[in-house]
Amino acid sequence: MDSLSNPPSFQFPAGFAWGASTSAYQIEGGWDADGKGPSVWDTFCHQGGGRVFQNQTGDVACGSYTQWEDDLKCIKQLGLTHYRFSLSWSRLLPDGTTGFINQKGIAYYNRIIDDLLANGICPLVTLYHFDMPQAVENQGGWRSDKTVEIFNEYARFCFDTFGNKVKFWITINEPHVVAEYGYEQGLIAPGVTDPGIGVYHVGHNMIKAHAKAWHTYHLLFKEKQHGQVSISLDSDWAEPFDPSSVKDQEAVQRYLAFNLGWFAHPVFINGDYPPLMKSQISSKSKQQGFMDSRLPEFTDEEMKMIQGTADFFCLNYYTTRKVKHQDSSHTKPSIKADQDADAIQDPSWPVPGIEWLAVVPWGLRKLLKFIKDTFKDPEIYITENGFAQIDPAPLDDSQRWEYFRQTLSEILKGVHVDAVNLKGYFVWSLLDNFEWHYGYSQRFGLFHVDFENPKLPRTPYRSALEYKKVISQNCL
Ligand code: BGC
């Protein structure tokens with residue numbers, strides 16, 4: 001760990017964006033209210049079968065579809081300058097296309113946006129946060145090339161409908177998670193298991209869909225609306241398991257290329273996948289007897305279309321891994337085997353809740369510096385960072401606030417020592433909510449939600465009160 005013990009300044013940059021994030025399926029409920037169409041998450045949860053903790057669902061969640069005022073109170077209580085939420089695609093377009101538009105869905109999101117603006121809070125809107133309309137999934141979802149244009153049309157509709165008021169757009173949240181956990185391991189919706197092949201096609205289509213939507217905005221809306229468009233990318237930081245081992249150092253490079261580089265390299269560098277990822281998958285595919293690489297190729301025209309399609313960098317950071325070289329030449333194709341790397345959690349790192357989330361604040365500083373150095377020193381927003389507590393969680397979460405404090409302190413070093421161009425920080429999440437296949441067993445909220453009480457009351461954790469102080473002083 002090479003962090004300095006004290007940050008040189010406790011002050012955040014002027015105009016720093018202080019936010020919290022949520023996503024539609026995780027908070028809204030109202031899964032079939034007022035004409036909303038089903039999404040893959042409705043289907044995944046309703047099918048049961050123990051894939052979600054205790055077969056829980058997002059049918060009601062935090063009830064935000066009918067209790068937006070309560071969310072707004074929380075946002076105002078914190079003094080947030082920004083709020084990041086996602087649109088439910090199938091609430092707006094029940095079958096995923098503009099063939100039928102649900103006016104009640106438009107009215108719901110207009111109210112959120114109008115209320116935010118009336119209170120001086122800037123909305124950051126994600127178009128797609130894991131909840132693909134089931135009707136689009138039925139036609140192949142991200143496995144089908146046709147979804148690229150269907151998504152582009154949805155994006156066009158959203159820019160057209162809300163773009164006079166929304167200035168920050170995120171097309172896709174965490175394409176890496178969607179591809180690896182939704183289409184390779186089948187842990188999350190749509191629950192497909194297609195290791196080593198489907199995962200890359202899905203990623204390919206998401207990159208094209210994002211890039212097309214960015215161009216649609218820039219061609220048709222930018223001049224009038226003056227907004228910006230990006231994509232939220234998740235990444236762990238990675239350290240070599242044995243710092244003196246060249247093989248482990250190389251494994252770290254592969255791990256970062258397969259996690260962050262997969263999407264960041266095409267979008268921020270040259271329209272194509274990281275060379276390391278291409279060479280790994282190509283040589284493995286050959287060994288395995290495939291005619292072509294399992295990683296699809298972009299045409300020259302597509303590369304031109306993809307390169308440079310983000311106006312800022314959105315990072316979702318949760319944890320760090322120690323990465324060890326692992327020879328996987330005799331294993332079946334999978335994205336993990338393609339990396340020849342084993343990612344290990346150091347047992348000395350605290351794990352306060354969900355088992356994969358080891359708290360490593362200094363990993364964020366290193367990742368920010370890596371992004372600055374690798375992806376052309378972009379403006380960065382941390383669009384998600386947070387820590388889970390296991391249900392039941394105490395309202396006095398002092399230990400968790402200590403993790404936030406350490407994280408903010410590392411961020412300050414990133415800004416003041418490493419000169420990272422950091423523009424904002426968003427806590428995941430505003431509210432305790434439906435944590436995907438973990439259901440309600442994990443609580444990420446700044447506000448506690450009592451899911452046993454039909455009124456779903458929100459109560460601030462101590463972390464919320466401490467975060468409010470930091471925001472009001474723009475200082476740690
Ligand atoms: C996702 C959120 C999720 C959070 C915590 C991110 O992968 O964008 O939807 O709740 O991590 O797991």
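Note: the structure precedes this text.
All values derive from a computational prediction rather than experimental measurement. (Residues numbered from 1 in each chain as written. Predicted model: local features only at pLDDT ≥ 70, side-chain atom pairs only at ≥ 80, totals over all residues. Heavy atoms only, no water.)

Asks: What is the right way to look at the sheet that holds strand β8 (residues 320-325) in this model?
Replies: Strands pair in a sheet through their backbones, by hydrogen bonds, and they do so in one of two ways: parallel or antiparallel. Read across the sheet, three strands follow the order β6-β8-β9 without closing on themselves; strand pairing throughout is mixed. Of all the strands in the sheet, just β6 (237-240) and β9 (341-344) have a single pairing partner and so form its edges. Going across the sheet, the axis of each strand differs from the next one's by a mean of 40°, ignoring polarity. Against the sheet, helix α10 (residues 246-270) touches β6, β8 and β9, its axis set at about 125° to β8. This element, helix α14 (residues 361-374), spans β6 and β8 of the sheet and lies at about 100° to β6. (Pairing = 2+ DSSP bridges. Helix = DSSP H or I, 4+ residues; strand = E, 2+ residues; numbered from the N terminus. Axes fitted to C-alpha atoms, helices over the stretch in contact; angles between N-to-C directions. Contact = heavy atoms within 4.5 Å.)

Asks: Would you explain the site of the ligand in this entry?
Replies: Contacts to the ligand come from Gln-26, His-129, Asn-173, Glu-174, Tyr-318, Trp-356, Glu-384, Trp-428, Glu-435, Trp-436 and Phe-444. At a separation of 3.2 Å, an oxygen atom of the ligand approaches a polar side-chain atom of Trp-428. About the coverage of the ligand: the protein hides 94% of its 310 Å² of free accessible area. The pocket occupied by the ligand, as judged from atoms lying within 2 Å of grid points, is the largest pocket. A class-by-class count of the residues in the shell around the ligand yields five nonpolar, three polar and three charged. (Near = heavy atom within 4 Å. Polar contact = N/O pair within 3.5 Å; in protein donor to acceptor, adjacent residues only side chain to side chain. Areas by Shrake-Rupley, 256 points an atom, 1.4 Å probe, with all protein chains shown as cover. 1 Å grid on protein atoms, 1.4 Å probe; cavity = no way out; pocket = protein on both sides within 12 Å on 5 of 7 lines; lining within 4 Å. Sits in = over half its atoms within 2 Å of the grid points. Nonpolar A, V, L, I, M, F, W, Y, C, P; charged D, E, K, R; others polar.)

Asks: In this structure, what is going on with the pattern of salt bridges? I would like to understand it.
Replies: Any two side chains of opposite charge can pair if their charged atoms end up close together. This model, assessed by the stated rule, comprises 28 salt bridges. The closest approach of N and O atoms between Asp-42 and Lys-36, which form a salt bridge, is 2.8 Å. Residue Lys-36 is classed as buried on the basis of its relative accessible area, which comes to 11%. Its salt-bridge partner being Lys-469, residue Glu-466 comes within 3.4 Å of it at the nearest N-O pair. A residue pair is termed a helical-turn pair when its members lie 3 or 4 positions apart in one helix, as Glu-466 and Lys-469 do in helix α16 (residues 462-473) at three residues. Residue Glu-466 is classed as buried on the basis of its relative accessible area, which comes to 15%. Put simply, Asp-396, Arg-462, Glu-466 and Lys-469 are held in one network by salt bridges that share partners. (Salt bridge = Lys/Arg side-chain N within 4 Å of Asp/Glu carboxyl O. Buried < 20%, exposed > 50% of the residue type's maximum accessible area, 1.4 Å probe, protein only.)

Asks: In this structure, what is going on with empty space enclosed by the protein? I would like to understand it.
Replies: For the coordinates displayed, the defined rule picks out two cavities of 30 Å³ or more. Reported here for the largest cavity is a volume of approximately 80 Å³. What lines the largest cavity is a set of 14 residues, among which Ile-27, Tyr-83, Phe-85, Tyr-108 and Ile-112 lie closest to the centre. Elements with a contribution of two residues or more to the lining of the largest cavity: α1 (24-27), α3 (68-78), β2 (82-86) and α5 (103-118). Each residue belonging to the lining of the largest cavity can be placed in one class, and the counts come to eight nonpolar, four polar and two charged. One number sums up the size of the second largest cavity: a volume of about 50 Å³. Together, Ala-24, Tyr-25, Glu-28, Gly-29, Lys-36, Gly-58, Ser-88, Arg-91 and Asp-131 line the second largest cavity. Grouping the amino acids of the lining of the second largest cavity by side-chain chemistry returns two nonpolar, three polar and four charged. (Points joined across faces, edges and corners; volume = space filled by probe spheres on them.)

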